[in-house]
Amino acid sequence: MSRSSIMDRLEILADAAKYDASCASSGTAKRNSRDGRGLGSTEGMGICHAYAPDGRCISLLKLLLTNHCIFDCHYCINRKSSNVRRARFTPQEVVDLTLSFYRRNYIEGLFLSSGIVKSSSHTMEQLIEVARILREEHDFRGYIHLKTIPEADPELVAQAGLWADRVSINVELPTDAGLSRLAPDKNAATIEGAMGRLSGAITEAHDARKRFRKAPIFAPAGQSTQMIVGADGASDAQIVGKASTLYDRFALKRVYYSAFSPIPEASAVLPLRRPPLMREHRLYQSDWLMRFYGFAPQDVQQATEDDGMLPLDIDPKLAWALKFRDRFPVDLNRAPREAMLRVPGLGVKAVDAILAARRHRSIRLEDLARLSISVKKLRPFIVTDDWRPTLLLDRADLRARLAPPAQQMELFA
Ligand code: SF4
């Protein structure tokens with residue numbers, strides 16, 4: 001195969017992979033080759049946390065093994081009925097590309113997904129083969145994220161976890177009805193069954209490693225999933241509810257949201273416009289509130305408007321606080337950590353810094369400014385030694401006063 005044809009296919013298959021958002025590598029086991037053995041490392045600066053504006057993770061080699069697919073998911077540019085340029089790599093070609101990018105210091109690892117060729121199990125075998133060759137034949141110690149195919153033989157899905165740092169299965173859409181309408185070849189029970197088996201295998205391997213140091217490692221960076229936002233009619237409240245159930249049932253590391261983007265020659269069942277990118281951002285913020293700020297899914301759902309959507313002009317934490325004004329003001333000198341984490345404008349680090357500082361002295365507004373906290377947003381919601389908001393919380397125009405200035409709408413959104 002000539003070099004130019006490799007480049008052509010790389011262009012097609014890296015571009016096709018940009019719709020997959022789920023490729024962060026935080027939390028994996030630390031490995032390196034500093035002792036002169038093996039190749040690669042999961043440590044170091046900038047691993048897998050940089051995303052290009054179009055959603056591509058720029059420190060992993062992120063590509064599809066092939067964009068041929070026998071399935072016909074309406075929202076996917078690679079679906080069987082789509083008229084796109086097709087390409088395919090062999091497992092060995094992906095290995096060679098990964099190693100050459102790695103040696104040039106372009107990447108920290110590999111994110112590999114695929115359209116489905118011949119059958120789900122055949123495709124899964126090919127994906128696993130890439131990871132096996134990298135690990136077994138090249139002692140590759142860099143990061144590998146394998147997208148796994150829920151319809152494949154469970155044995156194969158289980159093998160993926162033996163080679164990959166992270167495994168992921170796309171739940172695709174927030175509702176079962178949306179999935180059957182837009183991805184007729186897929187089935188919610190099959191997807192969740194495969195996620196359950198992966199979750200069980202990850203937990204078992206983790207427990208075994210506690211008892212036997214040499215027990216096999218299985219997907220040390222855990223499992224993640226991705227949901228497409230805006231392709232079906234699901235509200236943010238439904239999406240948050242679904243994400244929370246997935247976190248609980250499958251101990252996921254992350255739920256990624258991917259704003260649906262209209263594709264060329266789109267199916268008539270899809271919306272014509274993509275959702276605002278801010279919607280994706282608000283969902284990530286709500287995810288953060290549930291994971292790090294002690295918000296229950298119901299709290300986030302209460303922050304939505306009557307139509308179940310999170311406001312776009314203010315963040316979900318402020319939206320919640322404005323609805324539940326009776327929970328404020330919070331006394332920063334006395335309140336427990338959980339109450340302080342509810343204050344709009346106070347992040348986890350700031351709360352911990354205030355808790356540490358108040359052991360030695362009473363907190364005043366100037367202490368907040370010294371911690372680089374913007375006091376303007378906080379004032380209505382806090383009490384300090386020298387500040388108490390009188391009537392500020394009851395003002396009808398409080399939302400307008402705290403909302404960031406309106407921005408020019410995207411002309412072509
Ligand atoms: S199975 Fe994956 S690649 Fe194939 S059409 Fe569906 S989403 Fe696209």
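I will try to describe carefully the structure that is included in this document. Remember, predicted model here, so these are calculated numbers, not experimental data. (Residues numbered from 1 in each chain as written. Predicted model: local features only at pLDDT ≥ 70, side-chain atom pairs only at ≥ 80, totals over all residues. Heavy atoms only, no water.)

### Structural notes on the overall build of the protein chain
Inference 1: Counting secondary structure elements, the protein chain contains 15 helices and eight strands.
Inference 2: When burial is assessed residue by residue, the protein chain has 54% of its 413 residues classed as buried.
Inference 3: Summarising the internal contacts of the protein chain: among those between residues at least 6 apart in sequence, 67% fall at separations of at least 24.
Inference 4: When the accessible surface of the protein chain is totalled, it reaches about 19,900 Å², and 52% of it is carbon and sulfur. (Helix = DSSP H or I, 4+ residues; strand = E, 2+ residues; numbered from the N terminus. Buried < 20%, exposed > 50% of the residue type's maximum accessible area, 1.4 Å probe, protein only. Contact = heavy atoms within 4.5 Å. Areas by Shrake-Rupley, 256 points an atom, 1.4 Å probe, with all protein chains shown as cover.)

### Some details on the pattern of salt bridges
Inference 1: In this structure the tally under the stated criterion is 22 salt bridges.
Inference 2: Between Arg141 and Asp139 there is a salt bridge, and its shortest N-O distance comes to 3.0 Å.
Inference 3: Of the residues examined, Arg141 reaches a relative accessible area of 15% and is grouped as buried.
Inference 4: The exposure class of Asp139 is partly exposed, given its relative accessible area of 32%.
Inference 5: Across the pair Arg291 and Asp287 runs a salt bridge whose closest N-O atoms are separated by 3.2 Å. One end of the pair, Arg291, and the other, Asp287, are both in helix α8 (residues 277-292), four residues apart, so they sit about a helical turn from each other.
Inference 6: The class for Arg291 is partly exposed, based on a relative accessible area of 28%.
Inference 7: In the salt-bridge network here, residues are joined through shared partners; they are Glu129, Arg132, Glu136 and Glu137. (Salt bridge = Lys/Arg side-chain N within 4 Å of Asp/Glu carboxyl O.)

### Some words on the site of the ligand
Inference 1: Close to the ligand lie Cys69, Phe71, Cys73, Cys76, Arg79, Gly115, Ile116 and Lys186.
Inference 2: Here the shell around the ligand is composed, by residue class, of five nonpolar, one polar and two charged. (Near = heavy atom within 4 Å. Nonpolar A, V, L, I, M, F, W, Y, C, P; charged D, E, K, R; others polar.)

### As for the pairing of strand β5 (residues 223-229)
Inference 1: Across the seven residues that make up β5, a large majority, seven, are buried.
Inference 2: Burial of the side chains of β5 extends over both faces: Gln223, Thr225, Met227 and Val229 are buried on one face and Ser224, Gln226 and Ile228 on the other.
Inference 3: Where strand β4 (residues 166-168) lies against β5, two bridges are found, and the strand directions are parallel. Across the sheet, the residue bridging to Ser168 is Ser224, located in β5.
Inference 4: Judged from the six bridges that link them, β5 and strand β6 (residues 254-259) form a sheet pairing that is parallel. Paired with Met227 across the strands is Tyr257, a residue of β6.
Inference 5: You can see the chain leave β5, run along helix α7 (residues 236-250) and come back into β6, and the turn it takes is right-handed. (Pairing = 2+ DSSP bridges. Right-handed = clockwise from strand over helix to strand, strands pointing away.)

Scope: geometric values only; no functional claims are made or implied.
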